[in-house]
Amino acid sequence: MEHEFTPLECLLPTGNLTFCLLILNQPLDKGYFHPLWSKAVLRACADGGANHLYHITEGNHESFLPDYISGDFDSIRPEVQEYYKVKGCELIETPDQDFTDFTKCLQILQKKIEEKGLQIDMIVTLGGLGGRFDQIMASVETLFHATNITPTPVIVIQECSLICLLQPGKHKLYVNTGLESKWCGLIPVGNPCDNVTTTGLKWNLKSTITNVRCHVAERFPKTKKISEACGELLLVPSVLCRITKGQGLKEGQINHVWFKFQ
Amino acid sequence: MEHEFTPLECLLPTGNLTFCLLILNQPLDKGYFHPLWSKAVLRACADGGANHLYHITEGNHESFLPDYISGDFDSIRPEVQEYYKVKGCELIETPDQDFTDFTKCLQILQKKIEEKGLQIDMIVTLGGLGGRFDQIMASVETLFHATNITPTPVIVIQECSLICLLQPGKHKLYVNTGLESKWCGLIPVGNPCDNVTTTGLKWNLKKMTSDEETKGSHKSGRVVLGAWSIWWRANHVLKFGTLVSTSNTYDESGVVTIETDKPLLWTMGIKNKQNV
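What counts and how
- Residues numbered from 1 in each chain as written.
- Chains lettered and ligands numbered in written order.
- Predicted model: local features only at pLDDT ≥ 70, side-chain atom pairs only at ≥ 80, totals over all residues.
- Heavy atoms only, no water.
- Buried < 20%, exposed > 50% of the residue type's maximum accessible area, 1.4 Å probe, protein only.
- Helix = DSSP H or I, 4+ residues; strand = E, 2+ residues; numbered from the N terminus.
- Arc of directions from axis to C-beta.
- Contact = heavy atoms within 4.5 Å.
- Pairing = 2+ DSSP bridges.
- Axes fitted to C-alpha atoms, helices over the stretch in contact; angles between N-to-C directions.
- Parallel < 35°, antiparallel > 145°, perpendicular 65-115°, else oblique.
- Nonpolar A, V, L, I, M, F, W, Y, C, P; charged D, E, K, R; others polar.
- pLDDT = per-residue confidence, 0-100.
- Polar contact = N/O pair within 3.5 Å; in protein donor to acceptor, adjacent residues only side chain to side chain.
- Phe/Tyr/Trp six-rings, centres within 6.5 Å; stacked < 30°, edge-to-face > 60°.
- Right-handed = clockwise from strand over helix to strand, strands pointing away.
- Salt bridge = Lys/Arg side-chain N within 4 Å of Asp/Glu carboxyl O.
- Expected span 1.5 Å × (residues − 1).
- Bend = angle between axes of the 7 residues up to and from the residue.
- Core = buried A, V, L, I, M, F, W, Y, C linked by side-chain atoms within 4.5 Å.

### Things to note about helix α3 (residues 78-86) of chain B
All names here are of chain B. Those residues of α3 that fall on the buried side of the exposure criterion are Val-80, Tyr-83 and Tyr-84. The arc enclosing the buried residues of α3, seen along the axis, measures out at 90°, which places them on a common side. Of the residues in α3, the exposed ones pointing more than 90 degrees away from the buried face are Pro-78, Lys-85 and Val-86. Taken together, the buried residues of α3 touch α2 (49-56), β4 (68-71) and β5 (90-93). Just beyond α3, the residue with positive phi is Gly-88, at close to 90°.

### What about the sheet that holds strand β13 (residues 255-260) of chain B?
Residue and element names in this part refer to chain B. If you walk across this open sheet you meet the 4 strands as β1-β9-β13-β11, and the pairing is mixed. The sheet terminates laterally at β1 (2-5) and β11 (197-199), the two strands that pair on one side only. Across the sheet, the mean angle from the axis of one strand to that of its neighbour is 15°, orientation sign disregarded.

### As for the sheet that holds β4(B)
Residues and elements named next belong to chain B. With respect to topology, 10 strands assemble into an open sheet ordered β5-β4-β3-β2-β6-β7-β8-β14-β10-β12, the strand pairing being mixed. For this open sheet the edge positions go to β5 and β12 (245-248), each flanked by a neighbour on one side alone. Across this sheet, the average inter-strand angle for adjacent strands is 20°, counted without regard to direction. Here strand β7 (residues 154-158) pairs with strand β8 (residues 161-166) via 4 bridges, running antiparallel. The partner of Val-156 across the bridge, within β8, is Ile-163. Packed onto the sheet, α2 meets β2 (19-23), β3 (42-46) and β4 and runs at close to 115° relative to β3. Those strands touched by helix α4 (residues 101-116) are β2, β3, β4, β5, β6 (122-126) and β7, and its axis lies near 155° from that of β3.

### A closer look at the packing of helix α2 (residues 49-56) of chain A against helix α3 (residues 78-86) of chain A
Pairs of packed helices are described in terms of their axes, by the angle between the two and the distance that separates them. All names here are of chain A. Contact geometry for α2 and α3: axes closest at 9 Å, N-to-C directions at 75°. Considered as vectors, α2 and α3 are oriented roughly perpendicular to each other. Contacts between α2 and α3 involve Ala-50, Asn-51, Leu-53 and Tyr-54 from the former and Val-80, Tyr-83 and Tyr-84 from the latter. Across the contact of α2 with α3, the residue classes break down as 6 nonpolar, 1 polar and no charged.

### As for the confidence of the model for chain B
All names here are of chain B. Scored by pLDDT, chain B has a mean of 90; 88% of the residues are at 70 or more. Every residue in residues 217-225 scores below 50 in pLDDT, and together they form 23 contacts with partners more than four places removed in sequence or on other chains. A low-confidence stretch, residues 227-234 (pLDDT under 50), is modelled with 32 contacts involving residues beyond four sequence positions or located in other chains.

### A word on the side chain of Thr142(B)
The topology assignment puts Thr142(B) in helix α5 (residues 133-149). A distance of 3.4 Å separates a polar atom in the side chain of Thr142(B) from a polar atom in the side chain of Thr100(B).

### Some points on the side chain of Asn51(B)
In this structure, Asn51(B) sits in helix α2. When near neighbours in sequence (up to four residues on either side) are disregarded, Asn51(B) contacts Ser75(B), Ile76(B), Arg77(B) and Val80(B).

### Quick notes on the packing of aromatic side chains
Tallied over the full model, the rule gives 13 aromatic pairs over all chains. Geometrically, the ring pair formed by Tyr54(B) and Tyr84(B) is edge-to-face, given 6.0 Å between the ring centres and 85° between the ring planes. Taken together, the positions of Tyr54(B) in helix α2 and Tyr84(B) in helix α3 put the pair 30 residues apart, joining distant regions of the chain. In this structure, Tyr54(B) and Tyr84(B) share a single accessibility class: buried. One aromatic cluster is present, built from ring pairs that chain together Phe33(A), Trp37(A) and Phe64(A).

### Brief notes about the pairing of β6(B)
Residue and element names in this part refer to chain B. A large share of β6 lies buried, amounting to 5 of its 5 residues. Neither face of β6 is exposed, since Met-122, Val-124 and Leu-126 on one face and Ile-123 and Thr-125 on the opposite face are all buried. Examined bridge by bridge, β6 and β7 share 4 bridges and lie parallel to one another. Each residue of the ladder has a partner; that of Val-124, found in β7, is Ile-155. Handedness of the β6-α5-β7 crossover: right-handed.

### Here we look at the pattern of salt bridges
Taken as a whole, this structure holds 12 salt bridges over all chains when the rule is applied. Residue Glu79(A) is joined to Arg77(A) by a salt bridge in which the shortest nitrogen-to-oxygen separation is 2.8 Å. Residue Arg77(A) is classed as partly exposed on the basis of its relative accessible area of 35%. Residues Lys104(B) and Asp101(B) are paired through a salt bridge, measuring 3.7 Å at the closest nitrogen-oxygen approach. Remark: Asp101(B) and Lys104(B) occur in helix α4; sequence separation between them is 3 residues, near one turn of the helix.

### Points about helix α5 (residues 133-149) of chain A
All names here are of chain A. For α5, spanning 17 residues, the distance from its first C-alpha to its last is 24 Å, which sits close to the expected 24 Å at 1.5 Å a residue. Of all the bends in α5, the largest measures some 25° and sits at Leu-143. Of all 17 residues in α5, 14 are buried; the element is thus mostly enclosed.

### Some details on the pairing of strand β2 (residues 19-23) of chain A
Residues and elements named next belong to chain A. With respect to burial, β2 is a largely interior element, 5 of its 5 residues being buried. Here β2 shows two buried faces, one formed by Phe-19, Leu-21 and Ile-23 and the other by Cys-20 and Leu-22. Bridge count between β2 and strand β6 (residues 122-126): 5 bridges; the pairing is parallel. Counted as the bridge partner of Ile-23 is Leu-126 from β6. Regarding topology, helix α1 (residues 30-39) serves as the crossover connection from β2 to the parallel strand β3 (residues 42-46), and that connection is right-handed.

### As for the nonpolar core
Of all hydrophobic cores here, the largest spans 65 residues; its most connected members are Leu22(A), Phe133(A), Met137(A), Leu22(B) and Phe240(B). Setting aside residues no more than four positions away along its own chain, Phe240(B) makes contact with Met137(A), Val140(A), Glu141(A), Phe144(A), Val189(A), Gly190(A), Ile187(B), Pro188(B) and Val189(B). Leu8(B), Leu11(B), Trp37(B) and Val196(B) belong to the second-largest nonpolar core, a separate cluster that totals 52 residues.

As structure tokens, then:
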């Protein structure tokens, strides 16, 4: 069974996508924030994400109250926390240091989705791809855990990048919203991906039936830059895919599955 | 044999470290740029890195000429390229699309190090950890290839983050320069690391003894989320989806040791005027 979706659908002004919005502790992009906020059915902040919400809604805080703010509250500013508390937002302290604020916020979100009996198509996260390198990696880690937390796809957006994790299997991504920039990539974060096939990219991957593994260690792919190659790493258990408009549908030059971090 | 180094040594005003400087296509941090530039023995820009060099040396370009600029030149601004060309900087076009500008720049650097017979302790790269996500990952990828390009350790610095790739084996990192901020992490990018032991961190990883393994006297098989929970138990596996060490910190010793069976990415925070 193939999983189909349009990664940037949530940013379209029209459309039927039902999604939730999570705000992490990174500067918010005005261009994304307003359309996403207005259409989200549930909105939450993870700890310091509330600071950025407060900042971007300067002069009109009351019209932008999150459904809840969760975290260990070591990043949220006291005056911000107080404001949202007074306004009746649910503040859920999650001191458990087994999990990042992002992961915990996702757990709470899933609980609320179930409690309210909502049908959600996507969970959209703003932030998480900038700032401290370990926290960028922690966002990626949360995507791995998200599989066990919620059946709903989770995407993470910041500035000009989007990431999402593709589970083993087949995926069809519609990249024709008009919002896609030209680059995309497939990153085998966490483990090599032994068998990847793509279509629709300028440089596609195509697994060969024989001797896949022996090609892995030998060759560098005949691809353009890594960022455009989509030939680096792929598929299956650990893949981050970013959506952009492919530049044409030219068959790639790669005939061997190739991926690295080796 | 243990590999010892001090990741932030290049930022110390004093010291004997001999290093080269690579500038990638990301905004430059003034706090790092000047001390690094002044002490580097070779200085290079990868394509659009030259734009940032040009920008940060506004008013005094002539005193900050790179030894070479390499790349496919699709990012460098024409007027910047022209300026450095006129000033006699070597411009090396590397159209090969098999490699990123960073990787190619590193290859050229190694060649020059060999041609000049230099003894280099470290290659310091500015940029590469911000902007487009795929390009951040590409920087990580270059660190994997760096092993085959140069024997010299390569570190990448941008804003408050540093990364470097630790090869299988034992490593001793001195983290007592005073420039370290409080966070650090170990990221098993690319592959799980099945056997990691550390000291010097607040939450260490510890290899099981075969006795512990047999007795099952700890729950190493349990899936644990986040970076904290099972530290008191012997645990030694780093893997996305299981355990990734982020937001870790140091004990009082000033030294971190890491033993790993697979390549493992070390990351740490740097104090600068914008952060603690």
